[in-house]
Amino acid sequence: MNKIAAYFNFSELKTSMRTEVLAGLTTFVSMAYILFVNPSVLGASGMDKGAVFTATALASALGCLMMGLLAKYPIAIAPGLGVNAFFTYSVVIGMGIKWQTALAGVFVAGLIFMLITVFKLRELIIDAIPRDMKLAISAGIGFFIAFIGLHGGGLIVANKSTVVGLGSLTVGTTWLTIFGLIVTLVLMSRKVPGGIFIGMVLTSILGLVTGLIKMPSTIVSAAPSLKPTFGVALGHIGDINSLQLIIVVLTFLLVTFFDTAGTLVGLAEQAGFMKNNKMPRVGKALMADSTSMLVGSVLGTSPTSAYVESSAGIAVGGRSGMSAVVTGILFLLGLFFSPLLNVVTSQVTAPALIIVGVLMAESLKQINWERFEIAVPAFLTVIGMPLTYSISDGIALGFITYVITMVATKHAKQVHPLMYVLFVIFIIYLWILNV
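Computed from a predicted model, the values in this text were never measured in an experiment.

> Looking at this structure, how should I read the overall build of the protein chain?
Looking only at helices and strands, one finds 20 helices and four strands in the protein chain. Computed over the C-alpha atoms, the radius of gyration of the protein chain is 21 Å, within 12% of the 22 Å expected from 2.2 N^0.38 for a compact globule of 435 residues. For the C-alpha atoms alone, the extent of the protein chain along its principal axes is close to 60 × 60 × 45 Å. Every one of the 435 residues in the protein chain was classed for burial, and the buried ones make up 55%. Looking at the protein chain as shown, the accessible area adds up to about 18400 Å², and 68% of this sits on carbon and sulfur atoms. With 24 positive and 15 negative side-chain charges, the protein chain shows a spacing of 5 Å between the two charge centroids.

Pasting the structure below:
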């Protein structure tokens with residue numbers, strides 16, 4: 001025990017094993033929903049839900065253990081919400097690309113992410129894209145996730161007269177979503193740790209009691225086989241041979257990179273780790289994420305990223321990597337609860353998606369709306385994602401418009417050269433999509 005305390009600097013950080021275990025448990029409960037939401041989202045692309053469940057648990061465990069043992073931060077890692085929606089709804093369903101090829105794209109993006117981390121090129125990439133556009137991408141993904149949740153829960157449906165409309169309130173499963181949303185809103189408003197997860201549990205129980213969800217034959221079982229997805233990414237790397245797929249890889253990279261970087265800095269600020277506006281050991285933290293992303297793609301899941309839910313663990317006193325290690329161990333234990341996948345329906349996960357969308361929309365307040373040349377591309381990025389049902393299309397609209405408005409207002413020199421390159425790439429991308 002003394003060696004563990006010394007390794008994680010308990011005395012210097014003014015924490016203890018009890019506090020770190022409690023923090024790790026709190027973080028896990030706050031983000032355990034991803035074990036069931038990720039298979040649900042990726043399952044829509046045709047992937048085997050059982051295999052995705054196992055891949056999600058293993059990739060999350062690896063990321064958390066590496067973050068805790070290597071970077072020594074109380075920050076958890078798991079497949080990111082938003083980028084998994086991009087994987088399924090934009091790449092596979094929207095572009096008609098096979099999930100096997102999309103998984104290869106995640107592997108290539110993970111490899112690039114790792115090389116960027118090793119060669120310390122992350123600052124160059126971060127500086128290239130303006131802060132307002134990074135914030136817009138984050139908020140736009142939040143809107144997109146919320147829209148998917150509203151549709152999956154039956155609250156928003158297709159309507160020939162008005163494109164979309166309010167769903168029928170005579171459908172039992174829609175009321176299941178409404179119940180889950182209200183419960184989760186109350187729990188989150190009262191700052192109850194694990195509010196999203198508790199909301200999902202209560203919604204599932206109501207569904208089982210009312211017969212809207214079929215009762216599972218068992219709760220605990222052996223982990224589902226990885227065979228349907230394991231190694232598939234490696235066998236389809238050769239499919240990454242077109243501009244469209246190169247842009248897909250680039251989007252995987254950008255979304256994951258900036259989501260993780262932003263979350264890391266935000267959590268480091270909360271925990272008081274920032275020194276001279278810099279985050280110590282950030283390279284090791286990014287290495288933990290890029291490694292879990294790379295391994296996760298081989299196992300069979302979408303890109304991983306640092307989780308903002310780690311703030312719940314930090315709030316109860318988590319200050320060392322030990323809390324991330326505890327979270328990782330709990331993800332491994334979660335492997336044996338796969339039968340619950342059939343209980344966690346789209347109506348159960350919908351409130352989680354909507355709430356996460358709300359949390360991600362917080363970045364809107366930091367965008368410089370007073371500058372019209374910034375407001376327009378930021379707005380098109382945010383609104384473009386849900387309305388085109390594509391994260392990449394939203395980013396394309398925003399990036400193209402950003403260069404145009406900045407040049408028009410004689411601020412061309414403020415635009416990073418890489419943004420001009422992306423301007424051309426995204427114009428070609430949109431042209432290819434339409435032709």
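> What is the right way to look at the environment of alanine 396 in this model?
With respect to the element layout, alanine 396 can be found in helix α19 (residues 391–408). Accessibility expressed as a relative area gives 0% for alanine 396, which makes it buried. For alanine 396 and phenylalanine 426, which are 30 residues apart along the polypeptide, the C-alpha to C-alpha distance reads 5.4 Å.

> In this structure, what is going on with the packing of aromatic side chains? I would like to understand it.
In this description, an aromatic ring pair is defined by two values, namely the gap between the centres and the angle between the planes. Taken as a whole and assessed by the stated rule, the structure comprises 11 aromatic pairs. With centroids separated by 6.3 Å and ring planes inclined at 20°, the aromatic side chains of phenylalanine 8 and phenylalanine 10 adopt a geometry described as stacked. By relative accessible area, which is 6% here, phenylalanine 10 ends up buried. With a centroid separation of 5.2 Å and an interplanar angle of 80°, the aromatic rings of phenylalanine 144 and tyrosine 389 are classed as edge-to-face. Of this pair, phenylalanine 144 sits in helix α9 (residues 131–152) while tyrosine 389 is found in the loop between α18 (372–388) and α19, placing the two residues 245 residues apart along the sequence. With a relative accessible area of 0%, phenylalanine 144 lands in the buried category. Residue classification places tyrosine 389 among the partly exposed residues on the basis of a relative accessible area of 26%. One aromatic cluster is present, formed by Tyr89, Phe144, Phe147 and Tyr389 through successive ring pairs. Note that lysine 72 overlies the ring of tyrosine 7, its terminal NZ or CZ placed 4.0 Å from the centroid.

> Honestly, empty space enclosed by the protein in this entry has me stumped. Any pointers?
Where empty space is left can be seen by rolling a probe of water-molecule size over the atoms. One pass over the full model with this rule turns up one cavity of 30 Å³ or more. Taken as a whole, the largest cavity encloses approximately 30 Å³ of empty space. Lining the largest cavity, in full, are Val41, Leu81, Gly82, Asn84, Ala85, Ile145, Ile148 and Leu353. Among the secondary structure elements, those contributing two or more residues to the lining of the largest cavity are α6 (83–94) and α9. Of the residues belonging to the lining of the largest cavity, the class tally is six nonpolar, two polar and no charged.

> Would you mind going over helix α7 (residues 99–118) with me for this structure?
Residues spaced three or four apart along an α-helix point in a common direction, a consequence of the helix completing one turn every 3.6 residues. Counted at 1.5 Å a residue, the expected span for α7 with its 20 residues is 28 Å, and the 29 Å between its end C-alpha atoms agrees. Backbone geometry just after α7 places lysine 120 at a positive phi near 55°.

> Help me out: how do you make sense of the nonpolar core in this one?
The nonpolar side chains of a soluble globular protein tend to be buried, and buried together. Of all hydrophobic cores here, the largest spans 126 residues; its most connected members are Tyr33 and Phe87. Take this core: its biggest share by element is 14 residues, from helix α13 (residues 243–271).

> What is the right way to read unusual backbone geometry from this model?
For residues other than glycine, phi is negative in most cases, and the peptide bonds are mostly trans. Its identity as a non-glycine residue notwithstanding, lysine 72 has a phi of 60°, on the positive side. With respect to the helices, strands and loops of the structure, lysine 72 is situated in the loop between α5 (49–71) and β1 (77–79). Not every positive phi belongs to a glycine, and lysine 191 is a case in point at roughly 55°.

> What's the story with a nonpolar patch on the surface in this structure? I'm lost.
A contiguous nonpolar patch, built from Leu111, Leu115, Val118, Phe119 and Leu121 and spanning about 470 Å² of accessible area, is present on the exposed surface. When you line up the elements, phenylalanine 119 lands in the loop between α7 and α8 (122–128). Phenylalanine 119 gets classed as exposed once you look at its relative accessible area, which sits at 56%.

> Would you mind showing me how to read the pairing of strand β2 (residues 156–159) here?
If a strand is regular, its side chains alternate between the two faces of the sheet. As judged from the four bridges shared by β2 and strand β3 (residues 163–166), these two strands associate in the antiparallel manner. Paired with asparagine 159 across the strands is valine 163, a residue of β3. Linkage of β2 to β3, two consecutive antiparallel strands, is achieved through a turn of three residues.

Definitions and cut-offs
Residues take numbers from 1 onward in each chain, read along the sequence in its written order. Local features in a predicted model are, by the rule used here, given only for residues with pLDDT of at least 70; side-chain atom pairs are given and counted only at 80 or more, and totals for whole chains, interfaces and linings are based on all residues. Values reported for side chains reflect all heavy atoms of the structure, with hydrogen atoms and water molecules removed beforehand. Counting from the N terminus, the helices are DSSP H or I runs at least four residues long and the strands are E runs at least two residues long. The globule rule is 2.2 Å times the number of residues to the power 0.38, and the radius of gyration it is compared with is taken over C-alpha atoms. With a 1.4 Å probe rolled over the protein chains alone, any residue whose accessible area is under 20% of its type maximum counts as buried; one over 50% counts as exposed, and the rest are partly exposed. Using the Shrake-Rupley algorithm and a 1.4 Å probe, accessible areas are obtained, with residue cover drawn only from the displayed protein chains. Here the positive residues are Lys and Arg and the negative ones are Asp and Glu; neither His nor the chain ends is included. Every charge is mapped to an atom, namely NZ of Lys, CZ of Arg, CG of Asp or CD of Glu. Between 30 and 60 degrees the pair is tilted, below 30 it is stacked and above 60 it is edge-to-face, where a pair is any two Phe, Tyr or Trp rings, Trp via its six-membered ring, whose centres lie within 6.5 Å. Comment: the charge-over-ring label is applied if NZ (Lys) or CZ (Arg) is within 6 Å of the ring centre and within 35 degrees of the ring normal. With a 1 Å grid laid over protein atoms only, a set of points is called a cavity when a 1.4 Å probe fits there but cannot get out and a pocket when it is open yet has protein on both sides within 12 Å along at least five of seven lines; lining residues have an atom within 4 Å of a point. Grid points are joined across faces, edges and corners, and a volume is the space filled by probe spheres set on the points. Amino acid classes used here: Ala, Val, Leu, Ile, Met, Phe, Trp, Tyr, Cys and Pro are nonpolar; Asp, Glu, Lys and Arg are charged; the rest, including Gly, are polar. Helices are assigned an expected span. That span is 1.5 Å times one less than the residue count. Think of a nonpolar core as a cluster: buried Ala, Val, Leu, Ile, Met, Phe, Trp, Tyr and Cys residues, connected wherever their side-chain atoms sit within 4.5 Å. Two distance rules govern patches: like charges are joined within 9 Å, and nonpolar side chains (Val, Leu, Ile, Met, Phe, Trp, Tyr) within 5 Å, applied only to residues with over 30% relative accessible area and no salt bridge. A pair is scored as a salt bridge if a Lys or Arg side-chain nitrogen falls within 4 Å of a carboxyl oxygen belonging to Asp or Glu. Should DSSP find at least two bridges between two strands, the strands are taken to pair.

Nothing here speaks to function; it is all geometry.
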